[in-house]
Amino acid sequence: MQDHSYYVHLESLKDFVRELETQIHAMSKPNDFLLTLSEQPLLFGEFGEAGSLNKAHQAAVAEMQGLLDQVKGAITFAQDVTTTVADGYAAADDSVAGDMNHSSQQTGLLDPLLNALGGVLGGNSGSNGGGNKG
């Protein structure tokens with residue numbers, strides 16, 4: 001079994017960021033509904049309990065809006081952190097690839113490997129096949 005302790009799948013991180021974006025958009029619908037509840041007066045009637053019910057209702061709506069804002073903030077934070085991590089890993093991958101390419105060009109360390117692969121991939125296995133004349 002392969003050790004995945006330092007394994008990062010960048011596309012999965014990007015998928016996670018997109019899912020968080022979907023969740024943020026989903027949070028806007030209940031919040032929009034709560035805004036309409038807080039803007040329109042409730043017609044409970046003209047008696048004592050109706051007034052206290054109206055105040056309790058408005059307080060509950062405000063609390064729910066606050067909770068939704070907190071959840072949205074947490075999701076946005078997670079999205080920002082995940083994007084930062086993914087960008088950091090992508091930049092590190094690009095840097096290492098660039099360093100390896102630059103290093104191999106300077107030292108020629110990969111030349112034997114590339115020649116061998118070129119021969120195999122090009123159909124030349126290193127033998128003349130007995131049918132070619134010099």
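Before going into details, it helps to say that this report is about the structure given with it. Residue indices begin from 1 for each chain and proceed along its sequence in written order. For this predicted model, a pLDDT threshold of at least 70 governs which residues receive local features, and a threshold of 80 or more governs which side-chain atom pairs are given and counted, while totals over whole chains, interfaces and linings are taken from all residues. Excluded from the side-chain calculations are hydrogens and water; all other atoms, namely the structure's heavy atoms, are used.

**What to know about the overall build of the chain**
Then comes step 1: Secondary structure follows DSSP: runs of H or I at least 4 residues long count as helices, runs of E at least 2 residues long count as strands, and numbering of each begins at the N terminus. Within the chain, the secondary structure is distributed over three helices and zero strands.
Then comes step 2: The secondary structure elements of the chain, listed N-terminal to C-terminal, are α-α-α.
Then comes step 3: Taking all 134 residues of the chain together, the buried fraction comes to 13%.
Then comes step 4: Contacts in the chain between residues far apart in sequence, at least 24 positions, make up 71% of those at least 6 positions apart.
Then comes step 5: Note on areas: Shrake-Rupley with a 1.4 Å probe; residue coverage comes only from the protein chains shown. In the structure as shown, the chain presents an accessible area of about 10500 Å², 59% of it carried by carbon and sulfur atoms. When accessible area is computed with a 1.4 Å probe and restricted to protein chains, residues below 20% of their type maximum are described as buried, those above 50% as exposed, and intermediate ones as partly exposed. We call two residues in contact whenever any of their non-hydrogen atoms come within 4.5 Å of each other.

**Some words on the environment of L68**
Then comes step 1: Turning to its location among the elements, L68 is positioned in helix α2 (residues 48-107).
Then comes step 2: Expressed as a C-alpha distance, the spacing of L68 and P30, which sit 38 residues apart in the sequence, is 8.2 Å.
Then comes step 3: When neighbours within four sequence positions are excluded, L68 is seen to be in contact with M27, P30, N31 and L34.

**Section: the pattern of salt bridges**
Then comes step 1: Salt bridges are identified by distance alone: a Lys or Arg side-chain nitrogen within 4 Å of an Asp or Glu carboxyl oxygen. Tallied over the full model, the rule gives two salt bridges.
Then comes step 2: Close ionic contact of E11 with R18 constitutes a salt bridge, the shortest N to O distance being 3.2 Å.
Then comes step 3: Overall, the relative accessible area of 45% leaves R18 in the partly exposed class.
Then comes step 4: Put simply, D15 and R18 hold a salt bridge, and the shortest N to O gap is 2.2 Å. Placement of the pair is D15 and R18 together in helix α1 (residues 10-39), with a separation of three residues, close to one helical turn.
Then comes step 5: Judged by its relative accessible area of 38%, D15 falls in the partly exposed class.
Then comes step 6: A cluster of three or more residues bridged by salt bridges with shared partners is formed by E11, D15 and R18.

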